[in-house]
Amino acid sequence: MPTKFLHPFSPPAADNFITIVRAEGCTLWDDQGNRYLDALGSLWYCQVGHGRAEIIDAVADQMRLLDAYQTFAPFTNEPAEELASMVAERSPLSDGRVFFCGSGSEAVDSALKIARAVHQLRDEPDRQVVIRRTDAYHGTNFGGTSAQGIAGNRQGWGDLLPHFVEVPRDDIEAVSTTMAAHEGRVAAVITEPLQGAGGVFPPADGYLAGLRRLCDQHGALLILDEVICGFGRTGRWFGAQHYGVTPDLMTFAKGVTSGYQPVGGVICSRSVCDVLERPDWMLRTGYTYAGHPAGMAAGVANLALMEAEELLDRVPHLAAKLTDGLAALQADGLIQSYRGTGAVYAAELGYDAAPARMRLLEAGMVVRPIGTALAICPPLVISDHEIGTLFDAMADVLAKEPAAA
Ligand code: PLP
């Protein structure tokens, strides 16, 4: 019998949940005393590991001083100002500004609205088309649902937003043709730097630069959805820097606080801000909890901790360890292939990955099944020993999977 909690992205009839009661570093414990290695950073977000006193204390201290207060004009607060500066300065849009919200989905919908608003303000009201890529994941609000390229997630909700056009994942010619077919009507292209939840697909060589070029040629904005790639996952602060592309708008969430508080946001380039900063215009979108002091304090403490522990510099080491492990599984014929970059990978099994994921859970390893692949996205503090235990367990489990035969 299911409990009162209707779980997200879960079968509503499911009633066999694992109750996680404690977490420290990369280790989780359930209420039965079982321990697990968190090889997915919870849900692609926990960069600094669990139970970090630096962040917990910063949030508690902030809440004792100012628990919460709204940030609609004329109000602001110090941690929101500080986090906005820290985020902008670490991004390729350092002279831009940061709009805060509470999740990646809110960030995506806000970015889509801001992109459209820019064109409206530039007297190009017909620019409403948004180009999305197959396998893209952009959250579950109506904008993000319309923008995502995972067909199953778009179905079953009735009509979504108009003006979204899909292009095959790495086909830059298709983008060019679509731009030409909708000349003067394309508001934006939205893409993750590396597609995450759709299967961990790095972009084809030169693809993102091609998008930038086409957006410039056709007057469209480039939105990079950095919800997974942002904050060190690729080894740079943002995927934009890793792949050498400068967007007009960047969405973020997850890693900005390592999940200690729910925070998302949109970084707007200076040229976008120049359009918005008109004395006669008002940004009529935003959320009650935007710039929430507790979330902002978590973000400030998390980024400070990432710097103090030089976690970005650790990523090449993690990349080497993770790809060594994946290559060994492949050499032993236990996986077909693998893909990813930095500290985010998918092991392609070539058959339904859900049963293997359950066996791995029984072996104390948390990874995520995506179709025929298993996603790995550990905290950036994961040790070599922990990585070793993950691959030992994968080798053991995958060797016994009947579908592997
Ligand atoms: N965009 C991307 C690229 C994501 O990976 C996600 C979540 O995984 C989202 C948006 C949605 O974020 P949230 O679940 O915080 O709403």
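Residues numbered from 1 in each chain as written. Predicted model: local features only at pLDDT ≥ 70, side-chain atom pairs only at ≥ 80, totals over all residues. Heavy atoms only, no water.

K.L.:
How would you explain the packing of aromatic side chains if you had to name every residue and give the values?
P.N.:
Evaluation of the coordinates by the stated rule reveals six aromatic pairs. Measuring from ring centre to ring centre gives 5.7 Å for Phe-231 and Phe-252, while their planes differ by 75°; the resulting arrangement is edge-to-face. Here the residue Phe-231 occupies a position in the loop between β8 (221-225) and α9 (239-243), and Phe-252 occupies one in strand β9 (residues 249-252), the gap between them amounting to 21 residues. Here Phe-231 and Phe-252 have matching classes, each one buried. Among the aromatic residues, those joined into a ring-pair cluster are Phe-100, Phe-231, Trp-237, Phe-238 and Phe-252. The ring of Trp-29 has Arg-22 lying over it, and the distance from NZ or CZ to the ring centre is 3.9 Å. (Phe/Tyr/Trp six-rings, centres within 6.5 Å; stacked < 30°, edge-to-face > 60°. Helix = DSSP H or I, 4+ residues; strand = E, 2+ residues; numbered from the N terminus. Buried < 20%, exposed > 50% of the residue type's maximum accessible area, 1.4 Å probe, protein only. Lys NZ or Arg CZ within 6 Å of the ring centre and 35° of its normal.)

K.L.:
Hey, could you go over the sheet that holds strand β2 (residues 27-30) for me, with residue numbers and the actual values?
P.N.:
Across the sheet, four strands lie side by side as β1-β2-β3-β13; this open sheet has mixed pairing. Each edge of the open sheet carries a strand with a single partner, namely β1 (20-24) and β13 (365-366). Sheet topology places β1 next to β2; four bridges connect them, and they run antiparallel. Following the sheet pairing, Ala-23 is matched in β2 by Leu-28. (Pairing = 2+ DSSP bridges.)

K.L.:
Explain the packing of helix α3 (residues 78-90) against helix α11 (residues 293-308) residue by residue, including any values.
P.N.:
As a packed pair, α3 and α11 sit with axes 8 Å apart at the nearest point and diverge in direction by 40°. Relative to α11, the element α3 is oriented oblique. Crossing of α3 against α11: the hand is left-handed. Residue-level contacts link Pro-79, Ala-80, Glu-82, Leu-83, Met-86, Val-87 and Arg-90 of α3 to Pro-293, Met-296, Ala-297, Gly-299, Val-300, Leu-303, Ala-304 and Glu-307 of α11. (Axes fitted to C-alpha atoms, helices over the stretch in contact; angles between N-to-C directions. Parallel < 35°, antiparallel > 145°, perpendicular 65-115°, else oblique. Left-handed = near helix turned anticlockwise from the far one by under 90°. Contact = heavy atoms within 4.5 Å.)

K.L.:
Hey, could you go over the site of the ligand for me, with residue numbers and the actual values?
P.N.:
If you check the shell around the ligand, you find Ser-103, Gly-104, Ser-105, Tyr-137, His-138, Gly-139, Glu-192, Asp-225, Val-227, Ile-228 and Lys-254 and nothing else. Gly-104 places a main-chain nitrogen or oxygen 2.9 Å from an oxygen atom of the ligand. In the environment of the ligand, a nitrogen atom lies 2.7 Å from a nitrogen or oxygen atom belonging to the side chain of Asp-225. (Near = heavy atom within 4 Å. Polar contact = N/O pair within 3.5 Å; in protein donor to acceptor, adjacent residues only side chain to side chain.)

K.L.:
So what's going on with a nonpolar patch on the surface? Which residues, and what values?
P.N.:
Residues Phe-142, Trp-157 and Leu-161 make up a contiguous nonpolar surface patch of about 370 Å² in total accessible area. Given a relative accessible area of 58%, Trp-157 falls into the exposed group. (Patch = residues over 30% accessible without salt bridge, like charges linked within 9 Å, V, L, I, M, F, W, Y side chains within 5 Å. Areas by Shrake-Rupley, 256 points an atom, 1.4 Å probe, with all protein chains shown as cover. Salt bridge = Lys/Arg side-chain N within 4 Å of Asp/Glu carboxyl O.)

K.L.:
Go over the sheet that holds strand β14 (residues 368-370), please, and point to the residues and values.
P.N.:
Across the sheet, which stays open at both edges, the four strands sit in the order β11-β12-β15-β14 with antiparallel pairing between neighbours. Edge positions in the open sheet fall to β11 (337-341) and β14, since each of these has one partner strand only. Strand-to-strand, the axes of this sheet are offset by a mean angle of 25°, without reference to chain direction. Two elements, strand β12 (residues 344-348) and strand β15 (residues 373-376), share four bridges in a ladder whose sense is antiparallel. Looking across to β15, one finds that Glu-348 is bridged to Ala-373. The strands touched by helix α14 (residues 384-400) within the sheet are β12 and β15, with β15 carrying the most contacts at an inclination of about 170°.

K.L.:
So what's going on with the domain arrangement of the protein? Which residues, and what values?
P.N.:
Taken domain by domain, the protein holds domain 1 (53-308) and domain 2 (310-404). Facing 20 residues of domain 1, the contacting portion of domain 2 comprises 18 residues. Both faces considered, domain 1 and domain 2 share a buried interface measuring about 1,400 Å² in area, 67% of it formed by carbon and sulfur atoms. Looking at the side of domain 1 facing domain 2, the largest losses of area belong to Val-200, Arg-233 and Met-306, adding up to 45% of the total buried there. At the junction of domain 1 with domain 2, the criterion picks out zero salt bridges. Remark: the boundary between domain 1 and domain 2 carries eight residue pairs in polar contact (both at pLDDT 80 or more). Every element with two or more residues in the side of domain 1 that touches domain 2 is listed here: α9 and α11. (Domains from an automatic or database assignment. Buried area = accessible area lost by both parts, 1.4 Å probe.)

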